[in-house]
Amino acid sequence: QVQLVESGGGLVQPGGSLRLSCAASRSIFSFETMGWYRQAPGKQRELVAEFTRGSRLTYADSVKGRFTISRDDAKMTMYLQMNSLKSEDTAVYYCHGETRLRVGDQLTGVWGQGTQVTVSS
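Residues numbered from 1 in each chain as written. Predicted model: local features only at pLDDT ≥ 70, side-chain atom pairs only at ≥ 80, totals over all residues. Heavy atoms only, no water.

**Here's the deal with the sheet that holds strand β8 (residues 77-82)**
Right, on to step 1. Reading across the sheet, the four strands line up as β1-β3-β8-β7 and stay open at both edges, with antiparallel pairing between neighbours. Here the strands that pair on one side only, and so sit at the sheet edges, are β1 (4-7) and β7 (67-72). Recorded for the sheet is a direction-independent mean angle of 15° between the axes of neighbouring strands. (Pairing = 2+ DSSP bridges. Helix = DSSP H or I, 4+ residues; strand = E, 2+ residues; numbered from the N terminus. Axes fitted to C-alpha atoms, helices over the stretch in contact; angles between N-to-C directions.)

Below, the structure is given as structure tokens:
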């Protein structure tokens, strides 16, 4: 079974920084896409940043220039560096990846359990 486990959330003041980590139970190369989503209270889950096949990067307009997605293939870990945090960044952040559980299978979406990020003074 493929697992994604997030860590690094917490409480931070506006203007501060946090780095989220997403540890995968298999090689990151096995994921067609891999990225971060977030869900604020009363809102739909939204894409924050994502790698797609070929290392193409996508960022939500609201985080461009402030957030950076990266990965360490040797550690099978993806990161989200969040700088200049704002109160509107407060949400539960989820790691997500699409992979084939076995060769020849269709793509399956895998979600982490989520980590809370609260930006408040």
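**What to know about the environment of Lys-75**
Right, on to step 1. Within the fold, Lys-75 resides in the loop between β7 and β8.
Right, on to step 2. Judged by its relative accessible area of 56%, Lys-75 is exposed.
Right, on to step 3. Each C-alpha atom, one on Lys-75 and one on Ser-27, is 8.6 Å from the other, the two residues being 48 residues apart in sequence. (Buried < 20%, exposed > 50% of the residue type's maximum accessible area, 1.4 Å probe, protein only.)

**Some points on unusual backbone geometry**
Right, on to step 1. Notably, Met-76 is not glycine yet its phi reads approximately 50°, a positive angle.
Right, on to step 2. Looking at where Met-76 falls in the secondary structure, it is placed in the loop between β7 and β8.
Right, on to step 3. At Ser-84, a residue that is not glycine, the phi angle is positive and equals roughly 50°.

**Some thoughts on the environment of Arg-26**
Right, on to step 1. Topologically, Arg-26 is positioned in the loop between β3 (18-24) and β4 (31-39).
Right, on to step 2. Judged by relative accessible area, Arg-26 falls into the partly exposed class, the value being 22%.
Right, on to step 3. Here the alpha-carbon distance between Arg-26 and Asp-72, two residues 46 residues apart in the chain, equals 12 Å.
Right, on to step 4. Not counting residues up to four positions away in its chain, the partners in contact with Arg-26 are Val-2, Phe-31, Met-76, Thr-99, Arg-100 and Leu-101.
Right, on to step 5. Within the structure, Arg-26 has its side chain in polar contact with the side chain of Thr-99 (distance 2.8 Å). (Contact = heavy atoms within 4.5 Å. Polar contact = N/O pair within 3.5 Å; in protein donor to acceptor, adjacent residues only side chain to side chain.)

**Overview of the side chain of Ser-21**
Right, on to step 1. Relative to the helices and strands, Ser-21 is located in strand β3.
Right, on to step 2. Those residues in contact with Ser-21 that sit more than four places away from it in its chain are Val-5, Glu-6, Ser-7, Trp-36, Thr-77, Met-78 and Tyr-79.

**Describing the packing of aromatic side chains**
Right, on to step 1. Taken as a whole, this structure holds two aromatic pairs when the rule is applied.
Right, on to step 2. Judged by centre distance (5.1 Å) and plane angle (70°), the rings of Tyr-37 and Trp-111 are edge-to-face. Highlighted residues: Tyr-37 in strand β4 and Trp-111 in strand β10 (residues 107-111), separated in sequence by 74 residues.
Right, on to step 3. Look at Tyr-94 and Trp-111: their rings are 6.2 Å apart centre to centre, the planes differ by 90°, and that puts the pair in the edge-to-face class. Of this pair, Tyr-94 sits in strand β9 (residues 91-100) while Trp-111 is found in strand β10, placing the two residues 17 residues apart along the sequence.
Right, on to step 4. Residue classification places Tyr-94 among the buried residues on the basis of a relative accessible area of 14%.
Right, on to step 5. On the basis of relative accessibility, which here comes to 38%, the residue Trp-111 falls in the partly exposed class. (Phe/Tyr/Trp six-rings, centres within 6.5 Å; stacked < 30°, edge-to-face > 60°.)

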